[in-house]
Structure formats: structure tokens, C-alpha cells
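A closer look at the structure
Single-letter residue listing:
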Amino acid sequence: MGRKAVDTAIKRSILVLRDSGMSQHEISRKLKISRHCVQQTIRKFNEFHTVATKSGAGRHSKLTNCQKRAIKLQKVRDDTLPLTDLVQYVQTSLNITISRRTVSRILHEFGMVSYIAPRKLRINYGHRCARLLWCYQHLTWTEKDWSNVIFTDESNFEILNRKNRIYIRRFRNDLKRFERSQQRVHTSVGVGIGSYLTCHGLGPLVFYDGSLNSDKYIDILDKYLPTAFEKFLPHSSHEILLQQDNARPHVSIKTRKYFKKKHLHPIPWSANSADLNLIENIWSILDDKLLKFNINNTEQLKSAMQMAWLEISNDIVRKLFKSVPKRIRQVINRRGFACRY
């Protein structure tokens, strides 16, 4: 590890104090720096007649300019990407071991601000109590019990054109924020998707335009629920349950009448519990896979989604179902706060 360079102002102070008649030992005590530093500063000034740091001095950068631009591009594609994900990208894609501090410094070189994105919703005291109650009610459920649940969800992706750069951004269950973004950024194009997840694999992607309402949600259910129930045995000994969050189109009067007509039984779900919904992990995997595609319009985005969707293996799905009991125990141990999934 190289030593930190002494500030130019301190070097000038050393020379001023020397000219005033102070000894090197007195200068060292007054400025609270080592005597060796004082000696070296005076020697280099007598030799080079300057206090400026020598060109090329110091430790060389671990990354090339091309690699730094790659990090910048990754951040531009998703301005909510946290430092941890950027470090993981450098380690996997560029095969370089790097620290969070180095990545943050590189972003500052390009005038970009790094921060930790709020990837999980805020959970207040009321949410914690409801989540704990739900977790205790389902604490005895085994992996086999959860294998009879169909997890459903919707998400929104948009294509942004900022400073002549195209990148994709996903809004996690935040339709109002998605609509505000489309009004604010005139060059954005949005695509809504919905699907389901069972222990037997992923369902097909269903696309919709604009924000989700009861009619669109019922139409999505009509498209993918028949194939979802076909994945289970015709005479299953357990009742097949449906999971959905508490979004307004999911709990509207029209949707509840549809469930009653189709004899569907959604399981109760506590608010702000995206960490317990397995399909949220699938959206994140899809989000990462879209980075390798060149997307400029809506049709290319839909085509890329379909291709990336097929790349998600059933092994990932099985691991997610195995994690449900662990997630519930983590929420209980964390007193209702989000688990580490």
C-alpha cells in the first residue's frame, strides 16, 4: 500500500516555517507531521524548486479507462443500482477484485453520485405486527405445503432515453411512480408484465399497457390461470391456493366477484411483504438478464423479456420454494422486518 501524499498547503507551511528559523523538529511538532516528511519536503524543494507532487507518482489505478467506463455505463442503465451490485458486476464480468470505496470513487470521477437504493419497502410498526401474525400462522407450513401455492405478481419495465443513452428501469410494484415517470420523461416507453410461479416452473409472460386495473388483472388471470392449474395433478389431495399482494386491482369488488365465480381462494397476505413473494426474485433475475440485450423500442423489450424468461431454469424455482420456511423464520427473528431475500 502506498502512503498518502502530503497536501501542497502543508508543504508550503513547512518552507515558511523553515525560512523563519524553526528547526525541523519544531516544525514537525507544530504541524503534527513526521520529521521525515519535513526533511523530504525541504530536500525536494532544494532539488526541484517546487512543492508540486511529481507527475506519475503514487499508486497506479487498478482499472483501465475502458473498465471505468463500463462501470459508468452499468450505473447509467439503472440509476438506482446500489454499490454492492456494481462491485458484484465488476467481479463477475471484469474478473477484478475491487472494493466498494473504489467503485464509489470511480463514479465520483464521472460526476455521478452513489448511494444505497431503497430496494425494500419501509415497514412501520403496524406492518411488523401484521407480518409477524401472518408468519406465526404459517410457521408450521412445510415445503410440501407451499408447493400447492401459486405465486402471482405484476411488474413494470420502461425504456428511458437520457442524454442519448438507452437503458431499462423496473418499477417494483409502484404503479403511481411509474405513471409519474412517464409524464415527466417524455422519451420513456413502458411495458407491464404479469405471470405466476409454481413448484413445477414458471408460467408464461402476459403483457399489458399502462397502469393495472381490475379489468386488466382479470384478463391476465384468464390467460395464465388455466395453464397454472394444469401443472398440478388432476386429483391433487391438497387444495391449490393463489397468492397475490394487496394492490387495489387485486382486492377490488370486481376481482373478488371473479374469484367467487371461479372458486379461487387467495391466501391472506400482509402489506409490504414483497420479501415473502417468490416471484419478486424472478423479476430481479429477469432485470439482470436484460442487461445483455440491445433494446431500443417496445418490441425489442418484449422479445428480450421472452428470451430471458426462457433462460430461468426450474432449479432456481425449486430453490426459491425451499427458501419459504427460512424466510418466515427470518422475519420472526427480525421482529417483523424484511428478511434477507
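Our subject in this report is the structure included herewith. What you are looking at is a predicted structure, and each value in this text was computed from that prediction instead of being measured.

Next up on the list: the overall build of the protein. When helices and strands are tallied, the protein shows 16 helices and six strands. When burial is assessed residue by residue, the protein has 42% of its 341 residues classed as buried.

Once that is clear, we can look at the pattern of salt bridges. Summed over all chains, the structure comprises nine salt bridges. The residue Arg-18 makes a salt bridge to Asp-19 at a minimum N-O spacing of 3.1 Å. Looking at Arg-18, the relative accessible area reads 27%, which means it is partly exposed. Measuring nitrogen to oxygen at the nearest pair gives 3.0 Å for the salt bridge that ties Glu-311 to Lys-292. Of this pair, Glu-311 sits in the loop between helix H14 (298-310) and helix H15 (314-322) while Lys-292 sits in the loop between helix H13 (279-289) and H14; the two residues are 19 residues apart in sequence, bridging distant segments of the chain.

This next bit is on the environment of Phe-321. Position of Phe-321 relative to the elements: it lies in helix H15. Sequence separation of Phe-321 and Thr-142 is 179 residues, and the distance between their C-alpha atoms is 10.0 Å. Among residues more than four places away in sequence, those in contact with Phe-321 are Glu-143, Trp-146, Ser-147, Val-149, Phe-151, Leu-197, Thr-198, Cys-199 and Leu-278.

Turning next to the environment of Ala-271. Assignment of secondary structure puts Ala-271 in the loop between helix H12 (253-262) and H13. Setting aside chain neighbours within four positions, we find Ala-271 in contact with His-127, Arg-131 and Asn-246.

With that settled, the discussion passes to the nonpolar core. Counting residues in hydrophobic clusters, the biggest one holds 38 residues, and the most contacted among them are Trp-146, Ile-193, Leu-197, Ile-282, Leu-290, Leu-301 and Trp-309. Secondary-structure elements contributing two or more residues to this core are helix H7 (125-137), strand E1 (149-162), strand E3 (189-198), H13, H14, H15 and helix H16 (324-333). Beyond its immediate chain neighbours, meaning those up to four positions away, Ile-193 contacts Asp-153, Glu-154, Ser-155, Phe-157, Leu-205, Val-206, Phe-207, Tyr-208, Trp-283, Leu-286 and Met-305.

A contiguous patch of positive charge on the surface is contributed by Lys-319, Lys-322, Lys-326 and Arg-329. Contributing elements (two or more residues each) for the positive patch: H15 and H16. Here Lys-326 lies in helix H16.

What follows is about the packing of aromatic side chains. Aromatic ring pairs are defined here through the distance separating the ring centres and the angle between the ring planes. Taken as a whole, this structure holds eight aromatic pairs when the rule is applied. Pairing Trp-134 with Trp-269 gives two aromatic rings, centres 5.1 Å apart and planes at 70°, and the pair type is edge-to-face. Remark: Trp-269 occurs in the loop between H12 and H13 and Trp-134 occurs in helix H7; sequence separation between them is 135 residues. The interplanar angle of 50° and the centroid separation of 4.7 Å between the aromatic rings of Trp-141 and Trp-146 together place this pair among those described as tilted. Taken together, the ring pairs connect Trp-134, Trp-141, Trp-146, Phe-151, Trp-269 and Phe-321 into an aromatic cluster.

Compared with the 18 Å implied by 1.5 Å per residue over 13 residues, the 19 Å span of H7 between its first and last C-alpha is a close match. All buried positions along H7 are accounted for by Arg-128, Arg-131, Trp-134 and Cys-135. One face of H7 carries all of its buried residues, which in axial projection span an arc of 130°. Residues Tyr-125, Leu-133 and Tyr-136 are exposed on H7 and point more than 90 degrees away from its buried face. In the core, the buried residues of H7 are packed alongside helix H8 (143-146) and H16. Among the residues of H7, the N-terminal cap falls to Asn-124, whose side-chain oxygen and the backbone nitrogen of Gly-126 are separated by 3.1 Å.

Thresholds, definitions, all that
Residues numbered from 1 in each chain as written. Predicted model: local features only at pLDDT ≥ 70, side-chain atom pairs only at ≥ 80, totals over all residues. Heavy atoms only, no water. Helix = DSSP H or I, 4+ residues; strand = E, 2+ residues; numbered from the N terminus. Buried < 20%, exposed > 50% of the residue type's maximum accessible area, 1.4 Å probe, protein only. Salt bridge = Lys/Arg side-chain N within 4 Å of Asp/Glu carboxyl O. Contact = heavy atoms within 4.5 Å. Core = buried A, V, L, I, M, F, W, Y, C linked by side-chain atoms within 4.5 Å. Patch = residues over 30% accessible without salt bridge, like charges linked within 9 Å, V, L, I, M, F, W, Y side chains within 5 Å. Areas by Shrake-Rupley, 256 points an atom, 1.4 Å probe, with all protein chains shown as cover. Lys, Arg positive; Asp, Glu negative; His and termini not counted. Charge placed at Lys NZ, Arg CZ, Asp CG, Glu CD. Phe/Tyr/Trp six-rings, centres within 6.5 Å; stacked < 30°, edge-to-face > 60°. Expected span 1.5 Å × (residues − 1). Arc of directions from axis to C-beta. Polar contact = N/O pair within 3.5 Å; in protein donor to acceptor, adjacent residues only side chain to side chain.

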